[in-house]
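Below are the chains, spelled out letter by letter.
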Amino acid sequence: YWLEVETNGTVLPTALEGVIDQFNVSPKLLHSGNEGLARLRPEPLRWFAADPRAFFKFVVQGEPDLVEVEALCTEYAVPSERVVLMPEGRTAEELRERSPWLAEVCTQRGYRFSTRLHILIWGDKRGV
């Protein structure tokens, strides 16, 4: 078995952390609407950044988000090879518009790129 945990990075892992193979940490950027400690908590983010099993996924709307991503990666010393950028979008059209420039940014900065496959296949539906 391969166990992955998806988290926003605001809570430290529990005693089960020893059996987890990969953490997918998705801190919320300013555009998310989450505020304060509900959005970013330094202690858990430091813990995840220090663990090579943790990959950081950021949902990006536009250029201003890249400044925030860079600042967080610098502050928590997240290696570029463990950073994944995903375009924000609730429709296939939005994803098609935002993906090319974001993929280029990933290539230039050594990040990984991911799309929102569920949106491309089923649209903006819950539970799919």
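Refer to the preceding data block for the structure.
Fair warning: this is a prediction, and the values are worked out from it, not measured in the lab. (Residues numbered from 1 in each chain as written. Predicted model: local features only at pLDDT ≥ 70, side-chain atom pairs only at ≥ 80, totals over all residues. Heavy atoms only, no water.)

1. Re the overall build of the chain
For clarity, the threshold we go by: Under the scheme used here, helices are H or I runs from DSSP no shorter than 4 residues and strands are E runs no shorter than 2 residues, and both carry numbers assigned from the N terminus. Computation of the radius of gyration draws on C-alpha atoms, with the globule rule given as 2.2 Å multiplied by the number of residues to the power 0.38. Contacts: residue pairs with any heavy atoms within 4.5 Å of one another. Method for areas: the Shrake-Rupley scheme with a 1.4 Å probe, in which residue coverage is limited to the protein chains shown. Charge counting treats Lys and Arg as positive and Asp and Glu as negative, with His and both chain ends excluded. Charge coordinates come from a single atom per side chain, which is NZ of Lys, CZ of Arg, CG of Asp or CD of Glu.
Along the backbone of the chain there are 4 helices and 5 strands. In the chain, the order of α-helices and β-strands from amino to carboxyl end is β-β-α-β-α-β-α-β-α. In terms of C-alpha radius of gyration, the chain reaches 15 Å, essentially the compact-globule figure of 14 Å for 128 residues. Principal-axis analysis of the C-alpha atoms places the extent of the chain at approximately 40 × 30 × 30 Å. Of the contacts made within the chain by residues no fewer than 6 positions apart, 65% connect residues no fewer than 24 positions apart. When the accessible surface of the chain is summed, it comes to about 7600 Å², and 56% of that surface belongs to carbon and sulfur atoms. Positive and negative side-chain charges in the chain, numbering 15 and 19 respectively, have mean positions lying 4 Å apart.

2. What to know about empty space enclosed by the protein
One water molecule sets the probe size; rolling that probe over the atoms shows where empty space is left. Operational definition: Here a cavity means grid points, on a 1 Å grid over the protein atoms only, where a 1.4 Å probe fits yet cannot get out; a pocket means an open set of points with protein on both sides within 12 Å along at least five of seven lines; lining residues are those with an atom within 4 Å of a point. Grid points are joined across faces, edges and corners, and a volume is the space filled by probe spheres set on the points.
Scanning the model with the defined rule gives 1 cavity of 30 Å³ or more in all. Roughly 40 Å³ of internal volume is contained in the largest cavity. Along the walls of the largest cavity sit Pro27, Leu40, Leu45, Phe56, Phe58, Leu72, Cys73, Tyr76 and Val78, which together make up its complete lining. For the lining of the largest cavity, the secondary structure elements donating two or more residues are strand E3 (54–60) and helix H2 (63–75).

3. Describing H2
So the rule is basically this: Expected helix span is taken as 1.5 Å per residue step, with the number of steps being one fewer than the number of residues. Whether a residue is buried, partly exposed or exposed follows from its accessible area with a 1.4 Å probe, protein chains only, as a fraction of its type maximum: under 20%, in between, or over 50%, in that order. Here the arc refers to the directions that run from the helix axis out to each C-beta atom.
Along its 13 residues, H2 runs 19 Å from first to last C-alpha, staying within 8% of the 18 Å computed at 1.5 Å per residue. Within H2 the residues assigned to the buried category are Asp65, Leu66, Glu68, Val69, Leu72 and Cys73. For H2, the arc enclosing every buried residue in end-on projection is 165°, short of the 170-degree limit, so these residues lie on one face. Along H2, exposed side chains directed more than 90 degrees from the buried face belong to Pro64, Val67, Thr74 and Glu75.

4. Quick notes on the layout of surface pockets
Selection criterion: Under the scheme applied, nonpolar residues are Ala, Val, Leu, Ile, Met, Phe, Trp, Tyr, Cys and Pro; charged residues are Asp, Glu, Lys and Arg; polar residues are all the others, including Gly.
In this structure, the largest pocket occupies an estimated 560 Å³ of space. Around the largest pocket, the lining comprises 21 residues; the ones closest to its centre are Val59, Arg90, Arg116, His118 and Arg126. Counting only elements with at least two residues in the lining of the largest pocket, the list comes to E3 and helix H4 (117–122). Among the residues forming the lining of the largest pocket, the class breakdown is 6 nonpolar, 6 polar and 9 charged.

5. Observations concerning the environment of Arg116
Tracing the backbone shows Arg116 in the loop between strand E5 (112–113) and H4. Taking the C-alpha atoms as reference points, Arg116 and Glu88, separated by 28 residues in sequence, lie 8.2 Å from one another. In contact with Arg116, not counting residues within four places along its chain, are Met86, Pro87, Gly89 and Leu95.

6. Digging into the pattern of salt bridges
Worth spelling out the cut-off: Here a salt bridge means any side-chain nitrogen of Lys or Arg lying within 4 Å of a carboxyl oxygen belonging to Asp or Glu.
Here the structure, examined in full by the defined rule, presents 8 salt bridges. Notably, a salt bridge pairs Asp51 with Arg53, separated by 2.6 Å at the nearest N-O pair. Judged by relative accessible area, which is 10%, Asp51 ranks as buried. With a shortest N-O distance of 2.6 Å, Arg98 and Glu88 are connected by a salt bridge. Here Arg98, found in helix H3 (residues 92–109), pairs with Glu88, found in the loop between strand E4 (83–87) and H3; they are 10 residues apart in sequence, far enough to count as distant. Classification of Glu88 by relative accessible area gives buried; the value is 17%. Here the salt bridges share partners, and the residues they tie into one network are Glu17, Asp51 and Arg53.

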